[in-house]
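# Secondary and tertiary structure notes
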Amino acid sequence: MIFSESNAVNPLAPQWLDSAVARQLNSGVWPATATRDAAGELTIGGVRATELLERHGSPLYVIDEHDMRERAASALAAFTEAFNAIGAQVQLHYASKALLSIDIARWMQQAGVGLDVASAGELEVALAAGIDPETIGLHGNNKSDALLARAVEVGVGTVIIDSLTEIDRLAAVAAEFGKRQPVLLRINSGIHADTHSYLATSHEDQKFGITLASAAEAVAKIRGHEALEFRGLHSHIGSSIYSADGFGAAADRLMRLRAELLADGPVPEVNLGGGFGIAYLPSDRPLPLDELARGIAAEVARACAETGTDLPLVTFEPGRSIAGPAGVTLYRVGVTKDVTVSDEHGTPAVRRYVSVDGGMSDNARPAMYRADYCVRLANRESDAPLQLVRVVGSHCESGDIVVYADYLPDDVSYGDILAVPATGAYCFAMASHYNYFDRPAMVAVRDGESRTLVRRITIQDLLAADTASTPEEHP
Ligand code: PLP
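So, a few notes on the structure that sits alongside this text.

Calculation notes
- Residues numbered from 1 in each chain as written.
- Predicted model: local features only at pLDDT ≥ 70, side-chain atom pairs only at ≥ 80, totals over all residues.
- Heavy atoms only, no water.
- Helix = DSSP H or I, 4+ residues; strand = E, 2+ residues; numbered from the N terminus.
- Rg over C-alpha atoms; globule rule 2.2 N^0.38 Å.
- Buried < 20%, exposed > 50% of the residue type's maximum accessible area, 1.4 Å probe, protein only.
- Contact = heavy atoms within 4.5 Å.
- Areas by Shrake-Rupley, 256 points an atom, 1.4 Å probe, with all protein chains shown as cover.
- Lys, Arg positive; Asp, Glu negative; His and termini not counted.
- Charge placed at Lys NZ, Arg CZ, Asp CG, Glu CD.
- Near = heavy atom within 4 Å.
- Polar contact = N/O pair within 3.5 Å; in protein donor to acceptor, adjacent residues only side chain to side chain.
- Nonpolar A, V, L, I, M, F, W, Y, C, P; charged D, E, K, R; others polar.
- 1 Å grid on protein atoms, 1.4 Å probe; cavity = no way out; pocket = protein on both sides within 12 Å on 5 of 7 lines; lining within 4 Å.
- Points joined across faces, edges and corners; volume = space filled by probe spheres on them.
- Pairing = 2+ DSSP bridges.
- Salt bridge = Lys/Arg side-chain N within 4 Å of Asp/Glu carboxyl O.
- Axes fitted to C-alpha atoms, helices over the stretch in contact; angles between N-to-C directions.
- Parallel < 35°, antiparallel > 145°, perpendicular 65-115°, else oblique.
- Left-handed = near helix turned anticlockwise from the far one by under 90°.
- Phe/Tyr/Trp six-rings, centres within 6.5 Å; stacked < 30°, edge-to-face > 60°.

The secondary structure content of the chain amounts to twelve helices and 21 strands. The globule rule puts the C-alpha radius of gyration for 475 residues at 23 Å, and the 24 Å found for the chain is close to it. For the chain, the spread of C-alpha atoms along the principal axes amounts to about 70 × 60 × 45 Å. In the chain, which comprises 475 residues, the proportion classed as buried is 55%. Taking as baseline every contact in the chain between residues at least 6 positions apart, the subset at least 24 positions apart corresponds to 72%. Carbon and sulfur atoms make up 51% of the accessible area of the chain, which amounts to about 19,000 Å² in all. Side chains of the chain carry 39 positive and 62 negative charges; the gap between the two charge centres is 1 Å.

Shown next as structure tokens:
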């Protein structure tokens, strides 16, 4: 027998996939304003999917502005409440690597959160947005002298030092400007975060930070420089983490290190990074941020009590949890193809490949991390039977997969619009021009209106950068 339909029994369906929710817009996965109108069409921020693609082209990154602003504000409220309850002050820096444009930087500032930037480009976007440099933290494992100079010149609030050699280089740059630069030291706490290995950033065999064993030497070196002000410690254990345990363990290690360092001078701040997981699938159950914040605050309070130290200013850098659920990518369906494959027991079954007009160039995460997403038909509703599908892109790679497994109505065909939720973080940010594809536009939707945040980068833009396209630059 060949399974081709009813995909409750299709042996290719992963265990977590639940056909009962395949026609729903599950809250937690979709932006707050995502709903279906009376005709069954997906609307986000009050704007219909068809209207969005007609106006802005396909594929399209759609950001629910209210949702993203609200996530920043409620994250700040959750952490403030949890840390004020233990008697500590807290600050949030939005990790702009997740998703950044000039407007988005401003939304974050208006929500009362600072900005963490990790490159010269991110810093320039923040500055172009008019963000107060004092509220910016600069990261990077390999910052150039030019980037350090730019940061010091504009008055970036904190530089997070990532290596021993960076200390002298930054001190020299700050001295040249006649400034005293506040710094944090990024510690590799050795905590093995429970996430994809590429997303774990605090185990031994990776490039970030300074080990606990070398921390005292590094701090002494920083304190020895007049041009540097040692503000404290930083730890980021990884990204897409669903449990509080790793954060608690990292907090404990940092507070104990801080207790030792307090013997020789002040350590006013501890930054515990970001990495809070979100729901990509209806079956995902991330810990609510307020619970997570309370869990981490309890660990901080306990470690400070045990070491007899005062509470530091505690800072966090959430990115994905603010941007991720606010974003949806819309695609047009092209070719559909049924492929018969054998499951692990040799039973033949049909997998329907649904090709869309984007792919790994607008969402690299499935190819990079084997990340799972879900998908819904956006331009209409259909009560056709459900079919197990794999949504794939249009690139020249068999790993060019957008959604590994979900159910779509059997009648999905050429010209339909598909919506993939939870694409606000690390999709636009990681986009490429592979195969000379356009980078889709990113629009904000709000109160029935759509507005372009970043326009489409087209083949004309790319050709303009190719010197052979302009004979005067390419004699
Ligand atoms: N802080 C640092 C230093 C990071 O490297 C990252 C992500 O890689 C973040 C914060 C944000 O992580 P997330 O977007 O998972 O919250």
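All right, on to the site of the ligand then. The local shell around the ligand holds 16 residues, among which Ser239, Gly275, Glu317, Arg320 and Tyr426 are the closest. Arg320 is positioned with one of its backbone polar atoms (N or O) 2.7 Å from an oxygen atom of the ligand. Residue composition of the shell around the ligand, by class: four nonpolar, seven polar and five charged.

All right, on to empty space enclosed by the protein then. What the rule picks out here adds up to two cavities of 30 Å³ or more. Quantified by volume, the largest cavity comes out at close to 40 Å³. Taken together, Ile241, Tyr242, Ser243, Phe276, Gly277, Pro286, Leu287, Leu289 and Leu292 make up the lining of the largest cavity. Split by residue class, the lining of the largest cavity holds seven nonpolar, two polar and no charged. Roughly 30 Å³ of volume is contained in the second largest cavity. Taken together, Tyr61, Val62, Ile63, Leu99, Gly327, Val328, Thr423, Gly424 and Phe428 make up the lining of the second largest cavity. Breaking the lining of the second largest cavity down by element, the ones donating at least two residues are β4 (60–64) and β14 (327–342). At three residues, β4 tops the list of elements feeding residues into the lining of the second largest cavity.

Relative to the helices and strands, Ala293 resides in helix α9 (residues 289–307). Placed 35 residues apart in sequence, Ala293 and Val328 show a C-alpha to C-alpha distance of 27 Å.

Turning our attention to the sheet that holds strand β1 (residues 35–36). Strand order in the open sheet formed by three strands is β1-β2-β3, and the pairing between neighbours is antiparallel. Unpaired on one side and paired on the other, β1 and β3 (47–48) mark the two borders of the sheet.

Further remarks concern unusual backbone geometry. Glycine aside, a negative phi is what most residues show, and trans is what most peptide bonds show. With omega at -5 degrees, the peptide bond leading from Ser58 into Pro59 counts as cis. Within the fold, Pro59 resides in the loop between α1 (49–56) and β4. Positive phi, close to 65 degrees, is recorded for Asn435, a residue that is not glycine. Note that Asn435 resides in the loop between β19 (417–421) and β20 (441–446). Overall, the relative accessible area of 30% leaves Asn435 in the partly exposed class.

Structurally, Arg320 can be placed in helix α10 (residues 320–323). Buried Arg320, no salt bridge; nearest opposite-charge side chain is Asp284, N-O distance 9.9 Å. A polar atom in the side chain of Arg320 sits 2.8 Å from the side chain of Ser239.

Here we come to the pattern of salt bridges. In this structure the tally under the stated criterion is 32 salt bridges. Among the salt bridges present, the one from Arg256 reaches Asp252, with a minimum N-O distance of 3.1 Å. In this pair, Arg256 and Asp252 are both assigned in helix α8 (residues 245–261), four residues apart and thus about one turn of the helix distant. Among the salt bridges present, the one from Asp447 reaches Arg446, with a minimum N-O distance of 3.6 Å. If you follow the salt bridges from partner to partner, you end up with Glu65, Arg69, Asp103, Arg106, Arg446, Asp447 and Arg451 in one network.

Once that is clear, we can look at the packing of helix α4 (residues 120–128) against helix α5 (residues 145–154). Where α4 contacts α5, the two axes come as close as 10 Å, and the packing angle between them is 25 degrees. Of the possible angle classes, the one that applies to α4 and α5 is roughly parallel. Along this stretch, α4 crosses α5, giving a crossing that reads as left-handed. Packed against α4, whose contacting residues are Ala120, Leu123, Glu124 and Leu127, the element α5 presents Leu147, Arg150, Ala151 and Val154 at the interface. Grouping the amino acids of the contact of α4 with α5 by side-chain chemistry returns six nonpolar, no polar and two charged.

What follows deals with the packing of helix α2 (residues 65–85) against α9. Where α2 meets α9, the closest approach of the two axes is 8 Å, and the angle between their N-to-C directions is 30 degrees. Crossing hand, α2 versus α9: right-handed. In this structure, α2 contributes Ala75, Ala78, Phe79, Ala82 and Phe83 to the contact, and α9 contributes Leu289, Asp290, Ala293, Arg294, Ile296, Ala297 and Val300. In terms of residue class, the contact of α2 with α9 is built from ten nonpolar, no polar and two charged.

What follows covers the packing of aromatic side chains. One pass over the structure, following the stated rule, counts seven aromatic pairs. With 4.4 Å between their ring centres and 35 degrees between their planes, Phe79 and Phe316 make a pair best called tilted. Placement of Phe79 in helix α2 and of Phe316 in strand β13 (residues 313–316) is noted, with a sequence separation of 237 residues between them. When its relative accessible area of 0% is taken as the criterion, Phe79 is described as buried. Note on Phe316: relative accessible area 0%, which makes it buried. Judged by centre distance (4.9 Å) and plane angle (55 degrees), the ring pair of Phe247 and Phe276 falls under tilted.

Function cannot be inferred from these measures alone, as they are strictly geometric.
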